[in-house]
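# Residue-level structure breakdown
The primary structure of each chain is shown beneath.
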Amino acid sequence: MTITYFTRYTTHHVISWCKQLYSLSNGKFRIVETEAFPSFRLEQGYEDWAKRYDWIINAVTDINGVKEASRLAVESDVVIFGGGSYHYQNMRVENTNRLSFKMKERLYKDGFDKMTDPNVMMDMHNKHGKFVNANLYYLCAGTYTAYDVHYQGFEPHRLLKWGYFPPTTLHSDDLFVCKDKKEFKLLWVGNMEPNKQPLMILPVLKSLREKGYAATLTYIGSGELYDSIQRMVCSLNLQNAVSFQANMPWYSVREVMKNYDINLCTSNYAEGWGAVISESMNEGCITVASYASGASCYLIEHGKNGFLFEHDDPADLEEVLTHIFDKYAEMTSVRIEAYKTLTNQWTGKEAGERLYNTIVHLLAGNREPLYKSGICSQAPLLFDSKDYKTLK
């Protein structure tokens, strides 16, 4: 069985499940890259995997690679379409009804108020709606993706849970032990842009410190809101409580995470996934994330392996942080459960195995998902956090 994955370029968020598919298919798995590997990714610590594996095909500058990509788009038994692959997706659907998957974050990141915009409607139809009768399943990388895709006409059983799978690191339980403490170190990592809402933490931090909690915050990253954050820090007189670190490779960030108590993800519904959530859970940080982030409700069970809050409610975030501070000695189990989630359940190896088994299941003529929960199970149709809370 030949399986092909089309993507712009290969990253450490996908290579582990790709390697698993290569193994399970007895070497009949290929990656087709449709864009040149960007140099800025090297600065972020990414690896150009095409230089390591000869089963990654260059469909950008290699004419033979382009020809092979076109052949594989049509002739592969199974194709998985990632970013930058609409040309090949059209080619496959026009020439065959063989099994395909589309890996996608949510569609309406800019909000549902754009749903009736004629240009948006046409774009959605061309990229998604027109494939509704094809033999196509969606790998929904994010809690709210399934709802968006279902709106295009896709049946619920064709919408499967998926995500991004950074490398798994293993630790001893000693890393996760929590004891009573008086000082708490908070961390925020990411691009400082509006959808990630880095500013919302600062008034909360100010309030917590005024109530006697010795909390400090470190930002790692850069972006358009950097200057605004600096100004708010000064206006709230938090200069002694907030520090900044420049961008660093992803693996360095993960080392830093081990030295912090809590990692914050404050994104709104425009956040497709949020890899820092899975990374911090793996590294022993207590993860506090908004319901709106794509990864949050897939990975976090509130109070068991992390904590959730409403992205537009600073008081909710403050309440969660206050609870953690007051009960910090009881947080060992939360950290251990988070670690187990990311090392036993949501791993690239598990994703590759479940996707392969799902492929075999569907090729045998089954229509319903093979798994009842977790990766490759049917993704629930959730419009927002209210739907999630109702589901729970």
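Our structure is the block above this text.
The paragraphs below set out a description of the structure included in this document.

## Considerations on the overall build of the chain
Looking only at helices and strands, the chain has 15 helices and 13 strands in total. Compactness check: the chain gives a C-alpha radius of gyration of 22 Å against a globular reference of 21 Å for 392 residues, within 12% of the reference. In the chain, which comprises 392 residues, the share counted as buried stands at 55%.

## What about the sheet that holds strand 2 (residues 29-33)?
Ordered by their spatial adjacency, seven strands build an open sheet running 3-2-1-4-5-6-7, and the pairing between neighbours is parallel. Strands with a single pairing partner mark the edges of an open sheet, and in this sheet they are strand 3 (56-58) and strand 7 (159-162). Between one strand axis and the next, the sheet turns by 25 degrees as a mean value, whatever way the strands run. In terms of strand pairing, strand 2 meets strand 3 through three bridges, oriented parallel. Across the sheet, the residue bridging to Ile 31 is Ile 56, located in strand 3. Across the face of the sheet, helix 4 (residues 86-95) comes into contact with strand 1 (3-7), strand 4 (78-81), strand 5 (100-104) and strand 6 (136-141) while running at roughly 150 degrees to strand 4.

## Regarding the environment of Asn 195
Its place among the elements puts Asn 195 in the loop between strand 8 (183-189) and helix 7 (201-210). Owing to a relative accessible area of 16%, Asn 195 belongs among the buried residues under this scheme. Sequence spacing of Asn 195 and Thr 287 is 92 residues, and the spatial spacing of their C-alpha atoms is 19 Å. Not counting residues within four places of it along the chain, the set of residues in contact with Asn 195 comprises Ser 267, Asn 268, Ala 270 and Glu 271.

## A few points about the packing of aromatic side chains
Within the structure shown, the criterion is met by 29 aromatic pairs. Consider the rings of Phe 176 and Tyr 339, whose centres lie 4.9 Å apart with planes at 40 degrees: the pair is tilted. Placement of Phe 176 in the loop between strand 7 and strand 8 and of Tyr 339 in helix 13 (residues 332-345) is noted, with a sequence separation of 163 residues between them. Here the two residues Phe 176 and Tyr 339 agree in accessibility, since each one is buried. Connected via pairs of aromatic rings, a cluster forms that spans Tyr 5, Trp 17, Trp 162, Tyr 164, Phe 165, Trp 273, Tyr 298 and Trp 346. A cation over a ring is seen here: Lys 185 above Tyr 260, with NZ or CZ 4.7 Å from the ring centre. The aromatic ring of Tyr 371 is capped on one face by Arg 354, whose charged end is 4.2 Å from the ring centroid.

## Regarding the pattern of salt bridges
Any two side chains of opposite charge can pair, on the condition that their charged atoms come close. Under the counting rule described, the total for this entry stands at 18 salt bridges. One salt bridge connects Glu 337 with Lys 340, and the closest N-O pair in it is separated by 4.0 Å. Of this pair, Glu 337 and Lys 340 are both found in helix 13, three residues apart, which corresponds to roughly one turn of the helix. Taken together, the shared-partner salt bridges in this structure form one network comprising Glu 68, Arg 71 and Glu 75.

## What about the environment of Leu 370?
Relative to the helices and strands, Leu 370 resides in the loop between helix 14 (348-363) and helix 15 (385-391). Given the relative accessible area of 33%, Leu 370 is considered partly exposed. Here the alpha-carbon distance between Leu 370 and Ala 141, two residues 229 residues apart in the chain, equals 18 Å. Discounting chain neighbours no more than four positions away, the residues touching Leu 370 are Asn 357, Thr 358 and His 361.

## A word on helix 10 (residues 275-282)
Across the eight residues that make up helix 10, a large majority, eight, are buried. Structurally, helix 10 contributes buried residues whose contacts are with strand 8, helix 9 (250-257), strand 11 (262-265), strand 12 (286-290), helix 11 (296-299) and helix 13. With its phi angle positive at about 95 degrees, Gly 284 sits one or two positions after the end of helix 10.

## Considerations on empty space enclosed by the protein
Think of a ball as big as a water molecule: rolled over the atoms, this probe shows where empty space is left. For the coordinates displayed, the defined rule picks out two cavities of 30 Å³ or more. Within this model, the largest cavity holds a volume of roughly 40 Å³. Forming the walls of the largest cavity are Pro 166, Pro 167, Thr 168, Arg 254, Ser 278, Glu 279, Asn 282, Leu 342 and Trp 346. Element by element, the count of residues in the lining of the largest cavity is highest for helix 10, at three residues. Looking at the lining of the largest cavity, its residues break down into four nonpolar, three polar and two charged. Computed from the structure, the second largest cavity encloses a volume of approximately 30 Å³.

Reading the values: rules and limits
- Numbering of residues starts from 1 in every chain and runs along the sequence as written.
- At least 70 in pLDDT is required for a residue's local features to be given in this predicted model, at least 80 for side-chain atom pairs to be given and counted, and no such filter applies to totals for whole chains, interfaces and linings, which use all residues.
- For side-chain calculations, the full set of non-hydrogen atoms in the structure is used, while hydrogens and water are omitted.
- Put simply, DSSP marks the helices as runs of H or I at least four residues long and the strands as runs of E at least two long, and each gets a number from the N terminus on.
- Within these notes, the globule rule equals 2.2 Å times the number of residues to the 0.38 power, and the radius of gyration is based on C-alpha atoms.
- Exposure categories follow from relative accessible area, calculated using a 1.4 Å probe and restricted to protein chains: below 20% of the type maximum is buried, above 50% is exposed, and the middle band is partly exposed.
- DSSP bridges decide pairing: two strands pair if at least two such bridges lie between them.
- Axis lines are fitted through C-alpha atoms, for helices just across the contact stretch, and the angle between N-to-C directions can take any value from 0 to 180 degrees.
- The contact criterion used is simple: two residues touch if any of their non-hydrogen atoms lie within 4.5 Å.
- Pairing of aromatic side chains requires ring centres within 6.5 Å, counting the rings of Phe and Tyr and the six-membered ring of Trp. Pairs whose planes differ by under 30 degrees are stacked, by over 60 edge-to-face, and all others tilted.
- Criterion for a charge above a ring: Lys NZ or Arg CZ within 6 Å of the ring centre, and within 35 degrees of the ring normal.
- We define a salt bridge as a side-chain nitrogen of Lys or Arg found within 4 Å of a carboxyl oxygen belonging to Asp or Glu.
- A 1.4 Å probe that fits but cannot get out identifies a cavity on a 1 Å grid over protein atoms alone, an open set with protein on both sides within 12 Å along at least five of seven lines counts as a pocket, and a residue lines either if it has an atom within 4 Å of a point.
- Grid points are joined across faces, edges and corners, and a volume is the space filled by probe spheres set on the points.
- In this classification, the charged set is Asp, Glu, Lys and Arg, the nonpolar set is Ala, Val, Leu, Ile, Met, Phe, Trp, Tyr, Cys and Pro, and all remaining amino acids, among them Gly, are polar.

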